[in-house]
Amino acid sequence: MELRQLRYFVEVAEREHVSEAAEHLHIAQSAISRQISRLEDELGVLLFEKVGRNIQLTPIGKIFLIHAKTAIQAIEYAKYQIEEFLDPEHGSIKIGFPTSLSTHLLPTVISAFKDEQPNIGFHLRQGSYSSLKEAVKNREIGLAFLGPIPTNDPDIEGHILFTENISALLPITHPLADRKSVRLSDLRNDPFVLFPKGYIFHTIALEACKAAGFTPNIASEGEDMDSIKGLVSAGIGVSLLPDSTFYEVIPRLTVKIPIDTPEVKRTVGIITPKNRDLAPSEKLFYQFAKKFFSVLEQYQ
């Protein structure tokens, strides 16, 4: 069994068309058909069956596709680690990040790192909380910034860089807009603007409100920080957002007010896989990030 056979098989399986796969791979259709035929002979099963002018995977072909993709990813990762081992200071780091950390944390730490390691490149991937965890597990990325850090995932190792408060964001016309702080229960009768169900900030907000003794009335939802802030600016409702998202400026026509009861916080840090070692350049960045935020906390 050869790696090119697996690549050809995956390409055909995803397109369900040999000629389209051949065109994408820039090779002859006959070459793909020949290699897949050899693969089927070696395995002793049919991986595809004809359906009209197209083809589709057989039941056993669908099972083999899952393992073929895993095998290709493992080989690619092995090649990547070898290249990193030979020249760790000229590697490339694949990092994931959520939108809540993209405006200040991510550019700050990467800029500082590149001052020390200018030859190391970055491939950055934005994603949701759950998708970033899966990407680290599946070797799609080496590590990811995340908040809060998961504590009960057997495949993920989390290192907390810092802990931050989550504050209330209110329209400037809100009756409590001139307060120095608020109890979360003071907002029990307000409409809330939150992330949709399934987002980690939706869960954080609901748990905080529950601790304050009420269930929030969710009037509107937004899928990113700017949307949430814009809806609050328009007077649609109030929201709960982490302090790091207000680093440079408070959105116009809004006020950010600390919550004194209950205490609402989140951890922020880096997640790495438990079942494999980081590549050399990833280790350099990981150690740098831990030291970088440790020094910052000493001055805060």
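Residues numbered from 1 in each chain as written. Predicted model: local features only at pLDDT ≥ 70, side-chain atom pairs only at ≥ 80, totals over all residues. Heavy atoms only, no water.

As recorded by an unreviewed UniProt entry, the protein chain carries the name HTH-type transcriptional regulator GltC and is attributed to Peribacillus simplex. The Sequence similarities (unreviewed entry) comment attached to the protein chain in UniProt states, word for word, "Belongs to the LysR transcriptional regulatory family." (UniProt positions renumbered as here; feature names shortened; annotations may be inferred.)

1. So, the overall build of the protein chain
A count of helical and extended segments in the protein chain gives 9 helices and 13 strands. The C-alpha radius of gyration of the protein chain comes to 25 Å, more than 25% above the 19 Å expected for a compact globule of 300 residues. Dimensions along the principal axes, computed over C-alpha positions, put the protein chain at roughly 75 × 50 × 35 Å. Looking at the 300 residues of the protein chain, the share that counts as buried comes to 45%. Within the protein chain, counting contacts between residues at least 6 apart in sequence, those at least 24 apart form 73% of the total. Side chains of the protein chain carry 32 positive and 38 negative charges; the gap between the two charge centres is 2 Å. (Helix = DSSP H or I, 4+ residues; strand = E, 2+ residues; numbered from the N terminus. Rg over C-alpha atoms; globule rule 2.2 N^0.38 Å. Buried < 20%, exposed > 50% of the residue type's maximum accessible area, 1.4 Å probe, protein only. Contact = heavy atoms within 4.5 Å. Lys, Arg positive; Asp, Glu negative; His and termini not counted. Charge placed at Lys NZ, Arg CZ, Asp CG, Glu CD.)

2. Side note on the pattern of salt bridges
According to the stated counting rule, one finds 11 salt bridges in the structure shown. A salt bridge links Glu11 to Arg15, with the nearest nitrogen and oxygen atoms 2.5 Å apart. Of this pair, Glu11 and Arg15 are both found in helix H1 (residues 3-15), 4 residues apart, which corresponds to roughly one turn of the helix. Among the salt bridges present, the one from Asp243 reaches Lys256, with a minimum N-O distance of 3.8 Å. Highlighted residues: Asp243 in the loop between strand S10 (239-242) and strand S11 (254-257) and Lys256 in strand S11, separated in sequence by 13 residues. Assessed through its relative accessible area of 24%, Asp243 is described here as partly exposed. Each member of the salt-bridge network shares a partner with another, and the members are Glu134, Lys137 and Asp153. (Salt bridge = Lys/Arg side-chain N within 4 Å of Asp/Glu carboxyl O.)

3. Considerations on unusual backbone geometry
Pro148 follows Gly147 through a cis peptide bond whose omega is 0°. Note on placement: Pro148 falls in the loop between strand S5 (143-146) and strand S6 (156-171). The amide bond that connects Thr261 to the next residue, Pro262, takes the cis arrangement and shows omega of -10°. The phi angle at Arg139 is positive, at roughly 70°, despite the residue not being glycine. Residue Arg139 is classed as partly exposed on the basis of its relative accessible area, which comes to 35%.

4. Focus: a nonpolar patch on the surface
On the surface, Met1, Leu43, Val45, Ile60 and Ile63 cluster together to form a nonpolar patch covering roughly 400 Å² of accessible area. Summarising the element assignment, Ile63 is placed in helix H4 (residues 59-86). Its relative accessible area of 46% is what places Ile63 among the partly exposed residues. (Patch = residues over 30% accessible without salt bridge, like charges linked within 9 Å, V, L, I, M, F, W, Y side chains within 5 Å. Areas by Shrake-Rupley, 256 points an atom, 1.4 Å probe, with all protein chains shown as cover.)

5. Considerations on the packing of helix H2 (residues 18-25) against helix H3 (residues 29-43)
Interhelical geometry of H2 versus H3 gives an angle of 110° and a closest axis separation of 8 Å. One element, H2, and the other, H3, form an angle in the roughly perpendicular class. For the element pair H2 and H3, the recorded crossing hand is right-handed. The residues of H3 that touch H2, namely those facing Val18, Ser19, Ala21, Ala22 and Leu25, are Gln29, Ile32 and Ser33. (Axes fitted to C-alpha atoms, helices over the stretch in contact; angles between N-to-C directions. Parallel < 35°, antiparallel > 145°, perpendicular 65-115°, else oblique. Left-handed = near helix turned anticlockwise from the far one by under 90°.)

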